[in-house]
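Working through the structure, step by step
Single-letter residue listing:
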2 protein chains.
Amino acid sequence: MAHDLLHAYRSSLRAKIFRKLSSAGLDSLLVTDLPTIRWLTGFSGSYAKLLFAGDATAVLFTDFRYQEQVRRETSGIATVILKDALATELASGSFRLGDKMALQADHVTWHEMRQLSEKLGNREFSPVSSFFDEFREIKHVAELDRMRRAVELSESVLEAVIGMIGPGVTEIDLAAEITYGHRKLGAEGDSFEPIVAGGAHGAMPHAKPTAAEFEPGSLIVIDMGCVVDGYASDQTRTVAFGKVSDEQRQVYRIVREAQQLGIDAAKAGMAARDLDAEVRNFIAAAGYGEAFGHGLGHGVGVEVHEAPRVGTASVGALREGAVFTIEPGIYLPGRFGVRIEDMVTLGPDGAEPLQRFTKDLIEL
Amino acid sequence: MAHDLLHAYRSSLRAKIFRKLSSAGLDSLLVTDLPTIRWLTGFSGSYAKLLFAGDATAVLFTDFRYQEQVRRETSGIATVILKDALATELASGSFRLGDKMALQADHVTWHEMRQLSEKLGNREFSPVSSFFDEFREIKHVAELDRMRRAVELSESVLEAVIGMIGPGVTEIDLAAEITYGHRKLGAEGDSFEPIVAGGAHGAMPHAKPTAAEFEPGSLIVIDMGCVVDGYASDQTRTVAFGKVSDEQRQVYRIVREAQQLGIDAAKAGMAARDLDAEVRNFIAAAGYGEAFGHGLGHGVGVEVHEAPRVGTASVGALREGAVFTIEPGIYLPGRFGVRIEDMVTLGPDGAEPLQRFTKDLIEL
């Protein structure tokens, strides 16, 4: 049922893409990034190209390894199992490419570009970039359903791994348990390599798990997510192991309030940059302005980082139907860090978090 | 100690790259693929570009996230923490780029190419491809040491997970245990998503693990590897769960003999294609010619798939010092599959397998 819904939605998306191409004066478009292809067709193979041709037909190209899978995963779209190189197949005359053919400038290599030019030379190639963002940003109910399942699954794993923190346990141990838990509960996998960062490591927003054992009196940042049916989740909690100082508690309280402020302040139509500023100003007013060195959040969907970006350099407004993270942090180099992150969905009345996991400070 | 060895080796490699550039009439080269950069410098961050400049200096570019890590991981190489876009930095005049600048055609996007052309337009850009293969293919003793450790670690995990096979256990369960085991024993992670394929799934060489429980009387293909200190391993064993048929045993025996034949026949200097043919002919003579649909093997190093390729379309000879897999298989669609794979290192007297794990049929 949900599958039928999603197939119908994908078909309506492809119709929108054709309309956008036409109003941009482009005859055809070759899509070369896999997440966008999965979003538009459901196909999850490791080789795929998607052509929006001039006669309003969309054609999915893949290779012999995926003959069966492409049939199982897609619906209502023509598929071609490539026997030749893609450029050769495109030059066969079977596809209406027109004079102006668009390519994704960020997802085609110079080598591919040269091959296409050679085989399809007598036309103009137009670079497009962020072409799909406006559509990918707004989530359909069937997409939201998958993200909610990913969140729920990952929250169970978070609960389980917090219970494993103790003396002698390392960051790598916990990261391995997270990956294992996601897979065991049925996720396709992690949506990114889990971050487990205790003590001073927590002050590095992108710390890699190390063989360091957790030390009593430290805060531990756990940032994790999984993929369910092609859609990602992302969440962060910071927990205390042993007795932590008043300063650590105080910083935790500030980040928690900042994060709640972000959720409460988010409104459809506001500039993404203004939401970032509101939270950033709050943290600065609390005396930690220098200690929040990254953006407030990012969209989540078929990719764990996608539009919209919510940061100081964001342009554009937050739109109803978008799903993005709100994840302020305070990082004190050489000492400790705190980050709290939920995904939210933006409705007419504001933001609703997808996560339900407690944000009270857990003390182990 | 091993680190010093590897740093010295990397420095000698960079000198070779400069010599090759010079004899190819190229003034400079921008390296944009991360595995090659790690191999040449030791740096493992997620953003890196490496310039071989015209005055024979190599410069590694990364961003502020990796300020500390780049110092820790590299030795004897200039590093720049980028504040501007790379193209802008390159155009600053600080770097001798010369008139002919080489770029990796397969590892630079059309977008990056356009930026570079715009900022550095008054020169010729030359596409290079497979430029590093001849060097990467031959392994230094310190590289081999890392691969041996990766193999040893992954063999312990294989032994443990074979012990977990039983009624009610699924392919996904076992795959999750493999990933978990690799991490717990100290690997950086899997070198690729483990393949665990029971029964008819085993007939698909690239099967994804499913929630299917293992069925008595089936063969289970387990293909796995991990990364230790930047170097990959890769191995496959096929085991029997419950009583299997005479035909299954017979196919196992043929694959095992074919694999041993591949190890025995491999000689430095022979055409890679001839080694593939020797094994392929053996399988064909046994009556399963149609059932071995992929190449015999591939090189392994900082990437789990790299030069040399050993298949029907390979050009060039197997060289002393190369490390590659020998992995024949027989796949009977809808029924079962068998694959056996070791990595070998090619010495003056032939091939020596890195794996020691038994190739007798394990019956559970």
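The shown structure was predicted, so the numbers you read here are calculated from the model rather than taken from an experiment.

So, on to the overall build of chain A. When helices and strands are tallied, chain A shows 10 helices and 19 strands. For chain A, whose C-alpha radius of gyration is 23 Å, the value lies close to the compact-globule estimate of 21 Å for 364 residues. The principal-axis extents of the C-alpha atoms in chain A amount to approximately 70 × 40 × 40 Å. Per-residue burial for chain A yields a buried fraction of 57% across its 364 residues. Residue pairs at least 24 apart in sequence account for 67% of intrachain contacts in chain A once pairs closer than 6 positions are excluded. With the model as given, the accessible surface of chain A reaches about 14,900 Å², and the carbon-plus-sulfur share is 50%. Positive and negative side-chain charges in chain A, numbering 38 and 51 respectively, have mean positions lying 4 Å apart.

Another aspect to go through is the packing of helix α8 (residues 171–184) of chain A against helix α8 (residues 171–184) of chain B. Relative orientation of the contacting elements α8(A) and α8(B) amounts to 170 degrees, with a least axis distance of 9 Å. With respect to their mutual orientation, α8(A) and α8(B) come out roughly antiparallel. Taken together, the residues of α8(B) that come into contact with α8(A) (itself represented by Ile172(A), Asp173(A), Ala175(A), Ala176(A), Glu177(A), Thr179(A), Tyr180(A), Arg183(A) and Lys184(A)) are Ile172(B), Asp173(B), Ala175(B), Ala176(B), Glu177(B), Thr179(B), Tyr180(B), Arg183(B) and Lys184(B). Each residue belonging to the contact of α8(A) with α8(B) can be placed in one class, and the counts come to eight nonpolar, two polar and eight charged.

In this section: the domain arrangement of chain A. Residue and element names in this part refer to chain A. As far as domains go, chain A holds domain 1 (2–136) and domain 2 (141–353). Here the C-alpha centroids of domain 1 and domain 2 sit 34 Å apart. Taken residue by residue, the interface counts 11 residues in domain 1 and 12 residues in domain 2. Between domain 1 and domain 2 lies a buried interface of about 1,100 Å² when both sides are counted; carbon and sulfur atoms form 52% of it. When residues of domain 1 are sorted by the area they lose upon contact with domain 2, Leu-6, Arg-38 and Arg-136 head the list and together hold 45% of the total. At the junction of domain 1 and domain 2, the tally comes to three salt bridges. Note that Glu-303 and Arg-136 form a salt bridge whose closest N and O atoms lie 2.8 Å from each other. Scanning the region where domain 1 abuts domain 2 turns up five residue pairs in polar contact (both at pLDDT 80 or more). Counting only elements with at least two residues in the side of domain 1 that touches domain 2, the list comes to α1 (2–23), α2 (34–41) and α6 (133–136). Ranked by the residues each element gives to the side of domain 1 that touches domain 2, the list is headed by α1, at five residues.

Residues and elements named next belong to chain A. Here three strands make up an open sheet; going across it, the order is β7-β10-β11 and the pairing antiparallel. The open sheet has two edge strands, β7 (189–190) and β11 (231–232), and neither has a second partner. Summarising the sheet, strand β10 (residues 226–228) and β11 pair through two bridges and their orientation is antiparallel. In the strand pairing of β11, Val-228 is matched with Tyr-231. Sheet strands in contact with helix α7 (residues 141–162) are β10 and β11, and its direction is about 135 degrees off that of β10.

Next up on the list: the relation of the copies chain B and chain A. Between chain B and chain A, the superposition needs a rotation of 180 degrees and an axial shift of 0.0 Å, giving an RMSD of 0.0 Å. Within this description, the copies of the chain are treated as partners about a two-fold rotation axis. Within chain B, the C-alpha atom positioned nearest to the axis of rotation is that of Thr109(B), 2.1 Å from it. A shared binding surface is used by both copies, with 100% of the interface residues of chain B retained as interface residues in chain A.

To continue, consider the packing of aromatic side chains. All names here are of chain A. A full pass over the atoms with the stated rule returns 11 aromatic pairs over all chains. Ring geometry for Phe-43 against Tyr-66: centres 5.6 Å apart, planes inclined by 80 degrees, an arrangement best described as edge-to-face. A residue pair is termed long-range when its members are at least 10 positions apart, and Phe-43 in the loop between α2 and β2 (49–52) and Tyr-66 in the loop between β3 (58–62) and α3 (67–73) qualify at 23 residues. Across the pair, Tyr-66 and Phe-43 agree in class, each one buried. Clustering of aromatic rings is evident, with ring pairs tying together Trp-39, Phe-131 and Phe-132. Between Lys-20 and the ring centre of Phe-131, over which it is positioned, the NZ or CZ distance is 4.4 Å.

All names here are of chain A. As for its placement among the helices and strands, Asp-63 is situated in the loop between β3 and α3. Here the side chain of Asp-63 touches Arg-65 through a polar contact of 2.9 Å, side chain to side chain. Those residues in contact with Asp-63 that lie beyond four places of it in its chain are Tyr-47, Ile-81 and Leu-82.

Moving on: the interface of chain B and chain A. You'll often see interface size given as the accessible area lost when the parts meet. Across the contact, 27 residues belong to chain B and 27 residues belong to chain A. Together, the buried faces of chain B and chain A total about 2,500 Å²; carbon and sulfur atoms form 59% of this surface. The largest contributions to the chain B side of the interface with chain A come from Trp110(B), Tyr180(B) and Arg183(B), which together make up 30% of the buried area. Scanning the region where chain B abuts chain A turns up four salt bridges. Arg183(B) serves as the salt-bridge partner of Glu193(A), at 3.4 Å between the closest nitrogen and oxygen. Counting across the chain B and chain A interface gives 12 residue pairs in polar contact (both at pLDDT 80 or more). Counting residues per element, the side of chain B that touches chain A draws most heavily on α8(B), which supplies nine residues. By residue class, the composition of the side of chain B that touches chain A is 12 nonpolar, six polar and nine charged.

Looking only at helix α2 (residues 34–41) of chain B, the buried set comprises Thr36(B), Ile37(B), Trp39(B), Leu40(B) and Thr41(B). After α2(B) finishes, the residue Gly42(B) shows a positive phi value of roughly 90 degrees.

For the rest of this paragraph, the subject is the sheet that holds strand β8 (residues 195–198) of chain B. Working definition: the strands of a sheet are paired by backbone hydrogen bonds and lie parallel or antiparallel to each other. Residue and element names in this part refer to chain B. With respect to topology, three strands assemble into an open sheet ordered β8-β9-β12, the strand pairing being antiparallel. Looking at strand neighbours, the two that pair on one side only are β8 and β12 (235–241), the edges of this open sheet. Each neighbouring strand pair of the sheet contributes to a mean axis angle of 15 degrees, computed without reference to strand direction. Relative to β12, strand β9 (residues 218–224) runs antiparallel, the two sharing seven bridges. Considered in β12, the bridge of Asp-223 is made with Thr-236.

Turning our attention to the pattern of salt bridges. The final tally for this structure, using the stated rule, is 48 salt bridges over all chains. Glu352(B) is paired through a salt bridge with Arg148(B); the nearest N and O atoms lie 3.4 Å apart. Placement of the pair is Glu352(B) in strand β19 (residues 350–353) and Arg148(B) in helix α7 (residues 141–162), with a sequence separation of 204 residues. Its relative accessible area of 31% is what places Arg148(B) among the partly exposed residues. For Asp342(B), the salt bridge goes to Arg237(B), with nearest N and O atoms at 2.9 Å. Of this pair, Asp342(B) sits in strand β18 (residues 342–347) while Arg237(B) is found in strand β12, placing the two residues 105 residues apart along the sequence. The exposure class assigned to Asp342(B) is buried, which follows from its relative accessible area of 0%. In this structure Arg237(B) comes out as buried when scored by relative accessible area, which is 3%. Three or more residues are tied together by salt bridges with common partners; here these are Asp33(A), Arg136(A), Lys139(A), Glu303(A) and Glu306(A).

Criteria and cut-off values
Each chain has its residues counted from 1, following the order in which its sequence is written. Chains and ligands are labelled sequentially in the order written, the chains with letters from A and the ligands with numbers from 1. With pLDDT at 70 or above as the cut-off, local features in this predicted model cover only qualifying residues; side-chain atom pairs require 80 or more to be listed or tallied, and sums for whole chains, interfaces and linings still use all residues. Each side-chain value is worked out from all heavy atoms of the structure, with water and hydrogens disregarded. Runs of E in the DSSP output that reach at least two residues are strands. Runs of H or I that reach at least four are helices, and both are numbered from the N terminus. Computation of the radius of gyration draws on C-alpha atoms alone. For the globule rule, the value is 2.2 Å times the number of residues to the power 0.38. Buried residues are those whose accessible area, probed at 1.4 Å on protein chains only, stays under 20% of the maximum for their type, while exposed residues exceed 50% and partly exposed ones sit between those limits. We call two residues in contact whenever any of their non-hydrogen atoms come within 4.5 Å of each other. To measure how exposed things are, a 1.4 Å probe is used in the Shrake-Rupley method; for residues, cover is taken only from the protein chains shown. Neither His nor the chain termini are counted; the positive set is Lys and Arg, and the negative set is Asp and Glu. Charge placement uses NZ in Lys and CZ in Arg. For Asp and Glu, CG and CD serve respectively. Axis definition: a line fitted to C-alpha atoms, over the contacting stretch in the case of helices. Angles run 0 to 180 degrees between N-to-C directions. By the definition adopted for this analysis, an angle is roughly parallel if under 35 degrees, roughly antiparallel if over 145, roughly perpendicular if from 65 to 115, and oblique otherwise. All amino acids are sorted into three groups, where Ala, Val, Leu, Ile, Met, Phe, Trp, Tyr, Cys and Pro are nonpolar, Asp, Glu, Lys and Arg are charged, and the leftover types, Gly among them, are polar. Boundary definitions for the domains trace back to an automatic or database domain assignment. Accessible area that two parts lose when put together, evaluated with a 1.4 Å probe and summed over both, is termed the buried area. The term salt bridge refers to a side-chain nitrogen of Lys or Arg lying within 4 Å of a carboxyl oxygen of Asp or Glu. Distance and chemistry together define a polar contact, namely a pair of N or O atoms within 3.5 Å, with one atom able to donate a hydrogen and the other to accept it when in protein, and with adjacent residues in sequence counting only for side-chain atoms on both sides. Being paired, for any two strands, means DSSP has found at least two bridges between them. We place the copies in one frame by least squares, fitting the C-alpha atoms of every residue whose pLDDT is at least 70 in both. Each Phe, Tyr or Trp ring, with Trp reduced to its six-membered ring, pairs with another whose centre is within 6.5 Å; inter-plane angles below 30 degrees give stacked pairs, above 60 give edge-to-face pairs, and intermediate values give tilted ones. Each ring is checked for a lysine NZ or an arginine CZ that lies within 6 Å of its centre and within 35 degrees of its normal; such an atom marks a charge sitting over the ring.

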